Amino acid sequence: MEITYASTSTNDVAAQHSAGGSMTTRPVKVIPLEHPSTTSPGSASLTSSACPVVLKWRAKLKRMTWTEWIELLLPCYRWIRTYKVREYLQPDLMAGVTVGIMLVPQSMSYAKLAGLQPIYGLYSGFVPVFVYAVFGSSRQLAIGPVALVSLLVSNVLSGIVDSSDALYTELAILLALMVGVLECIMGLLRLGWIIRFISHSVISGFTTASAIVIALSQAKYFLGYSIVRSSKIIPLAKSIISGADKFSWPPFVMGSLILAILLVMKHLGKSRKYLRFLRAAGPLTAVVLGTTFVKIFHPSSISLVGDIPQGLPTFSIPKEFGHVMSLIPTALLITGVAILESVGIAKALAAKNGYELDSNQELFGLGVANILGSFFSIYPTTGSFSRSAVNHESGAKTGLTGIVMGTIMGCALLFMTPLFENIPQCALAAIVISAVIGLVDYDEAIFLWRVDKRDFLLWTITFATTLFLGIEIGVLVGVGVSLAFVIHESANPHIAVLGRLPGTTIYRNIQQYPEAYTYNGIVIVRIDAPIYFANISYIKDRLREFEFEVDGSKRRGPEVERVYFVILELAPVTYIDSSAVQALRDLHQEYNLRDIQIAIANPNREVLLSLARAGVIELIGKEWCFVRVHDAVQVCLQHVQSLTELPKMPEVSTENKPSLLQRLLKQRKDEYSNAELESGSRDFFISKDADPNLEPLLSRKS
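First, a word on what this report is: a plain description of the structure on this page. Within each chain, residues carry numbers counting from 1 in the order of the written sequence. pLDDT decides what is reported in this predicted model: residues at 70 or higher carry local features, side-chain atom pairs at 80 or more are listed and counted, and totals for whole chains, interfaces and linings draw on all residues regardless. Only hydrogens and water are set aside when side-chain values are computed; all heavy atoms of the structure are taken into account.

### Structural notes on the nonpolar core
In step 1: In this description, a nonpolar core means a group of buried Ala, Val, Leu, Ile, Met, Phe, Trp, Tyr and Cys residues linked to one another through side-chain atoms lying within 4.5 Å. Relative accessibility under 20% of the residue-type maximum defines a buried residue, over 50% an exposed one, and the middle range a partly exposed one, all with a 1.4 Å probe and only protein chains included. If you look at the biggest cluster of nonpolar residues, it comprises 106 residues, and the most contacted ones within it are Met108, Leu122, Val153, Leu157, Tyr379 and Phe420.
In step 2: Whether two residues touch is decided by their heavy atoms; if any such pair falls within 4.5 Å, the residues are in contact. Ignoring sequence-local partners within four residues, the contact set of Met108 consists of Pro118, Leu122, Ile308, Phe420, Ile423 and Leu428.
In step 3: In this structure, Ile495, Ala516, Ile536 and Val581 belong to the second largest nonpolar core, which totals 60 residues.

Following this line, the structure appears as structure tokens:
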């Protein structure tokens, strides 16, 4: 269906018509815009849109089968019912053994980093692994103690109580319970999307600075003397320098050699596929070498892990709930790290292995692992990037690898803790340092410098504040600046003036396509964002500027001195609020005073419905709402042309009436090819009576 515009419809142009007499008009065909009803169907739509999430979930729950209910409550059922023993069992066992061997020494190292006894690291690598195998939805994610969370635990608890106090351990266990509860709440309420507001630049800068702080905090085991416990680089550096007179060579030499061996094994494991087992065997190699050396030479200057209780953890309820309020900020921060690190890794591994993963269900699984684990003396755990990567590379197919990991950890707790007493502290420190070196993401900084200077600035701010002012302040500043950038972009959206590409009916940004041309008296503006209270003032200011800023060197059409029409391309606008609607009404009134007509092109249904309910469509006029920008341009250009017509055309006398031959020749000219008429060129064949400044947009063949 098409609508033909054969005459003008605006009041000001109509007045000129009546004053100036008749004029030549051309029929213009446009696609009619379907206006949604604002009566009862709209009300129903409004009611249904008020709670789309509830309606969506209600419909989904009704469709769910018993199998889907079991999979929802116990995600492990997904891989259990499709398990292929011959195909999956061997790689699952190999991957579980490989990562389990890697987990035992790492868990002790990270417990020392958190300021806890090594046994609590072993507990944290035991119970949560089994729980996650049942409730977790990722089949390759390896959870347990990680360096970043360990640093966060140490940083907050050391400010409350000394690490040698029993209260320190109780607060770490309570923190695991709080983190688990927060993760479960966010998973159940499907609030994982909140963390998307934290830029990747913030995460990269934060983890890079944290890695440096973690490495420096482990220096005391290399240097042989104690240093201050801090998450800021300046106190750490001062403490290291001030204690230089207590430096001891034996732990430094042993730690450096073990660290070098770990780095070489990690590099070989990454660079050569047939040696990838070396990456997982690195931590175990460090422990074996260090323990063997101590057993043979008994060096007195090298500190050892000491006595580790033997046996599985016992059930106990977390205590010290009076400190909950002081731990909430850290619990929130650790939860954020869990979402960013664990869920991100899990989704990437799921994509590589060809199955779908619900991030909110994954978050719930992590929460259950921490909650149940807190009753068995763990401190907060989450997914490990390095162990998950090794798990994937080792061929893990299902969650059975987690059960194998937990079994190995259980065996270590039952039978091997006496052997751990002679592990050198510097060997565990070397394991931590080799793990966090991979977190130093300087490549990301170089990439951001090349691609986006603003993101590089965000990376630098987060890195510097975390390094010099501490972890909490670094995260807060990074997130604050990230949100400030988001708000700035939202409040100052991209707005483009559109021009027509020669030979087409396509309109694009004249800055991006210099060959595009505009029309005299018409400004076409595309708003590339939702319109709401925060950005409507900026949009209005830019619209006023565009009346005068458009480059006149590439204008075509009738010669007029000012703008008569502003066409708003609303295709990118997904939402418009009440403040913006009122501002558009004000803008329309302002334009009316200057004899400027607004036209709207290609609004989506929701935007059009909002404008209709507010009366803006009636105010502007339904005839000024178009499906395509090209339709709007055709109609507006016809009205601009009418402004340049002579006030009154002389009547054609009967003597001057054209003959049949003349009329046929004129018809031939009018039916000139569409391709040339639509090309935008002024040099095509036209009648000598036609205005050479008017570009015919459609053939008169209709």
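Don't stop here, the text continues.
### Structural notes on the pattern of salt bridges
A side chain of one charge can pair with a side chain of the opposite charge if their charged atoms are brought near each other.
In step 1: Within this document, salt bridges are pairs made up of a side-chain nitrogen of Lys or Arg and a carboxyl oxygen of Asp or Glu, the two lying within 4 Å of each other. Taken as a whole, this structure holds 13 salt bridges when the rule is applied.
In step 2: Between Glu393 and Arg279 there is a salt bridge, with the nearest N and O atoms lying 3.1 Å from each other. Note that Glu393 is positioned in helix α18 (residues 385–393) and Arg279 in helix α15 (residues 277–297), a separation of 114 residues in sequence.
In step 3: Each of Asp541, Arg544, Glu590 and Arg594 takes part in a single network of salt bridges with overlapping partners. Secondary structure elements are taken from DSSP: a helix is a run of H or I of four residues or more, a strand is a run of E of two residues or more, and numbering for both begins at the N terminus.

### As for unusual backbone geometry
In step 1: Here the phi dihedral of Arg190 falls at roughly 55 degrees; this positive angle occurs in a residue that is not glycine.
In step 2: Topologically, Arg190 is positioned in the loop between α10 (166–188) and α11 (200–217).
In step 3: In this model, Ser377 sits at a positive phi of 65 degrees, which is unusual for a non-glycine residue.
In step 4: Note on Ser377: relative accessible area 12%, which makes it buried.

### So, the environment of Val436
In step 1: Along the polypeptide, Val436 turns up in helix α20 (residues 425–437).
In step 2: A relative accessible area of 1% means that Val436 is categorised as buried.
In step 3: Between the C-alpha atom of Val436 and that of Ala215, which follows or precedes it by 221 residues, the distance is 7.2 Å.

### Section: the packing of aromatic side chains
In step 1: The pairing test for Phe, Tyr and Trp rings, Trp by its six-membered ring, is centres within 6.5 Å, and the orientation test on the planes gives stacked under 30 degrees, edge-to-face over 60, and tilted for anything in between. Overall, the coordinates contain 16 aromatic pairs when judged by the stated rule.
In step 2: Measuring from centroid to centroid gives 5.4 Å for Phe126 and Phe130, while their planes differ by 85 degrees, and the two rings are edge-to-face.
In step 3: Judged by relative accessible area, Phe126 falls into the buried class, the value being 12%.
In step 4: Take Phe130: its relative accessible area is 28%, and that puts it in the partly exposed class.
In step 5: Ring geometry for Phe247 versus Phe252: centroids 5.4 Å apart, planes at 65 degrees, classification edge-to-face.
In step 6: Under the relative-accessibility criterion, Phe247 is labelled partly exposed at 31%.
In step 7: By relative accessible area, Phe252 is classed as partly exposed at 32%.
In step 8: Put simply, the rings of Trp79, Tyr83 and Tyr88 touch in pairs and so form one group of aromatic residues.
In step 9: Should the NZ of a Lys or the CZ of an Arg lie within 6 Å of a ring centre and within 35 degrees of the ring normal, that charge is described as sitting over the ring. Against the face of Tyr355 rests Arg139, its NZ or CZ located 4.5 Å from the ring centre.
In step 10: Sitting over the face of the ring of Trp449, Lys453 holds its NZ or CZ atom 4.7 Å from the ring centroid.

### Quick word on the sheet that holds strand β8 (residues 522–527)
In step 1: Pairing is mixed in the open sheet, where six strands are placed in the order β6-β5-β8-β10-β11-β12. Each edge of the open sheet carries a strand with a single partner, namely β6 (507–509) and β12 (625–626).
In step 2: DSSP bridges decide pairing: two strands pair if at least two such bridges lie between them. Sheet analysis places β8 next to strand β10 (residues 565–569), joined by five bridges and oriented parallel. The residue of β10 that forms the bridge with Val523 is Val566.

### Considerations on the side chain of Ser201
In step 1: The topology assignment puts Ser201 in helix α11.
In step 2: Since its relative accessible area comes to 2%, Ser201 is described here as buried.
In step 3: Apart from residues lying up to four places away in sequence, Ser201 is in contact with Leu448, Asp455, Leu458 and Trp459.

### Re the packing of helix α6 (residues 85–113) against α18
In step 1: Viewed as axis vectors pointing N to C, α6 and α18 meet at an angle of 170 degrees, and their least axial separation amounts to 9 Å. Viewed along their axes, α6 and α18 adopt a mutual orientation that is roughly antiparallel. In the packing of α6 onto α18, the handedness of the crossing is right-handed. On α18, the residues touching Ala95, Thr98, Val99, Met102, Leu103, Gln106 and Tyr110 of α6 are Ser386, Arg387, Val390 and Asn391.
In step 2: Partitioned by chemical class, the residues of the contact of α6 with α18 number six nonpolar, four polar and one charged. Fitting a line to C-alpha atoms yields each axis, with helices limited to the stretch in contact; the angle taken between N-to-C directions then spans 0 to 180 degrees. Roughly parallel means an angle under 35 degrees; roughly antiparallel means over 145; roughly perpendicular covers 65 to 115; every other angle is labelled oblique. Whether a crossing is left-handed or right-handed is set by the direction in which the near helix is turned from the far one by less than a right angle, anticlockwise for left-handed and clockwise for right-handed. Ten residues, namely Ala, Val, Leu, Ile, Met, Phe, Trp, Tyr, Cys and Pro, are considered nonpolar, four, namely Asp, Glu, Lys and Arg, are considered charged, and the remaining ones, Gly among them, are considered polar.

### Describing the side chain of Thr398
In step 1: Considering the arrangement of structural elements, one finds Thr398 in the loop between α18 and α19 (400–420).
In step 2: In this structure Thr398 comes out as buried when scored by relative accessible area, which is 1%.
In step 3: Contacts described as polar in this section are N or O atom pairs within 3.5 Å, which, within protein, must combine one atom able to donate a hydrogen with one able to accept it, while residues neighboring in sequence count only if both atoms come from side chains. At 2.6 Å, the side chain of Thr398 forms a polar contact with the side chain of Asp92.
In step 4: When residues no more than four places from it in sequence are discounted, the contact partners of Thr398 are Trp79, Tyr83, Tyr88, Asp92 and Arg139.

### Observations regarding a nonpolar patch on the surface
In step 1: A cluster of nonpolar residues, Leu61, Trp66, Trp69, Ile70, Leu72, Leu73 and Leu74, forms a patch on the protein surface that exposes about 700 Å² of accessible area.
In step 2: In terms of residue count, the dominant contributor to the nonpolar patch is helix α4 (residues 66–73) (five residues).
In step 3: Tracing the sequence through the fold places Trp69 in helix α4.
In step 4: Its relative accessible area of 31% is what places Trp69 among the partly exposed residues. Surface patches are drawn from residues lacking salt bridges whose relative accessible area is over 30%; two like charges belong together within 9 Å, two nonpolar side chains (Val, Leu, Ile, Met, Phe, Trp, Tyr) within 5 Å. All accessible-area figures derive from a Shrake-Rupley calculation using a 1.4 Å probe, and residue coverage is judged against the displayed protein chains alone.

### Observations regarding the pairing of strand β5 (residues 495–500)
In step 1: Summarising burial for β5: six of the six residues are buried, a large majority.
In step 2: Here β5 shows no split at all, with Ile495, Val497 and Gly499 on one side and Ala496, Leu498 and Arg500 on the other all buried.
In step 3: Where β5 lies against β6, three bridges are found, and the strand directions are antiparallel. Bridge pairing in β6 places Gly499 opposite Arg508.
In step 4: From the end of β5 to the start of β6, which pair antiparallel, there are six residues, and Gly503 there has a positive phi angle of about 80 degrees.

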